[in-house]
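Understanding the architecture of this molecule
Here's the letter readout for the chains.
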Amino acid sequence: MRPNADLLPGTLDLLILKAVSLGPLHGYGVLLRIGQISGGALEIEQGALYPALFRLEHQGLLDTEWGVSENNRRAKFYQLTAAGRKRLREETAGWERLVSAMGSALKARPEEI
């Protein structure tokens, strides 16, 4: 069993954008998708998710449409806008640069300095 990882500040928006980029989702579906794509290592609290979805919608990064969930309930479904796709690309590139730099720094040995 993998232990849960702590979510770093500023990463929730990126995770939401990635989850929604894989297909339109309602709020609870976003929670499930993040758990799925992180191999169960990341669990997001609903109290953090819904304000983030609201913020991303008001920033023009997510569009919403009312529909019916798999439980036959009315639900708001989220999908990326063009601006959301652009932000996802930019944020992903930034994280990939950071991960690469951190990986290099953590692998450093005294004889290499």
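A few words now on the overall build of the chain. The helix and strand tally for the chain stands at 4 helices and 3 strands. Going from the N terminus to the C terminus, the chain shows its helices and strands as α-β-α-α-β-β-α. Since a compact globule built from 113 residues should have a radius of gyration of about 13 Å, the 17 Å found for the chain marks it as more spread out than a globular shape. Across the 113 residues that make up the chain, the buried fraction comes to 33%. In the chain, of all internal contacts separated by at least 6 residues, the share reaching a separation of at least 24 is 49%. Carbon and sulfur atoms provide 54% of the accessible area of the chain, an area that totals close to 7900 Å². Seen as two clouds, the 14 positive and the 13 negative side-chain charges of the chain have centres 4 Å apart.

With that settled, consider the side chain of Thr 81. Structurally, Thr 81 can be placed in the loop between β3 (74-80) and α4 (82-107). In terms of polar contacts, Thr 81 uses its side chain to reach the backbone carbonyl oxygen of Gly 60, at 2.6 Å. Contacts of Thr 81, omitting those with residues within four sequence positions, involve Gly 60, Leu 61, Leu 62 and Asp 63.

Applying the stated criterion across every chain yields a total of 3 salt bridges. One salt bridge connects Asp 13 with Arg 55, and the closest N-O pair in it is separated by 2.5 Å. Taken as a pair, Asp 13 in helix α1 (residues 12-21) and Arg 55 in helix α3 (residues 46-58) lie far apart in primary sequence, 42 residues in all.

Further remarks concern the nonpolar core. Judged by nonpolar contacts, the single largest core of 22 residues is most densely connected at Ile 16, Leu 17, Val 20, Val 30, Ile 34, Leu 49 and Leu 62. Those elements that place two or more of their residues in this core are α1, α2 (27-37), α3 and β3. At 7 residues, α1 tops the list of elements feeding residues into this core. The residues touching Leu 17, leaving out its near neighbours within four places in the chain, are Leu 56, Leu 61, Leu 62, Leu 80, Gly 84, Arg 87 and Leu 88.

Cut-offs and rules
Residues numbered from 1 in each chain as written. Predicted model: local features only at pLDDT ≥ 70, side-chain atom pairs only at ≥ 80, totals over all residues. Heavy atoms only, no water. Helix = DSSP H or I, 4+ residues; strand = E, 2+ residues; numbered from the N terminus. Rg over C-alpha atoms; globule rule 2.2 N^0.38 Å. Buried < 20%, exposed > 50% of the residue type's maximum accessible area, 1.4 Å probe, protein only. Contact = heavy atoms within 4.5 Å. Areas by Shrake-Rupley, 256 points an atom, 1.4 Å probe, with all protein chains shown as cover. Lys, Arg positive; Asp, Glu negative; His and termini not counted. Charge placed at Lys NZ, Arg CZ, Asp CG, Glu CD. Polar contact = N/O pair within 3.5 Å; in protein donor to acceptor, adjacent residues only side chain to side chain. Salt bridge = Lys/Arg side-chain N within 4 Å of Asp/Glu carboxyl O. Core = buried A, V, L, I, M, F, W, Y, C linked by side-chain atoms within 4.5 Å.

So, to be careful, I would describe these as geometric facts and stop short of saying anything about function.
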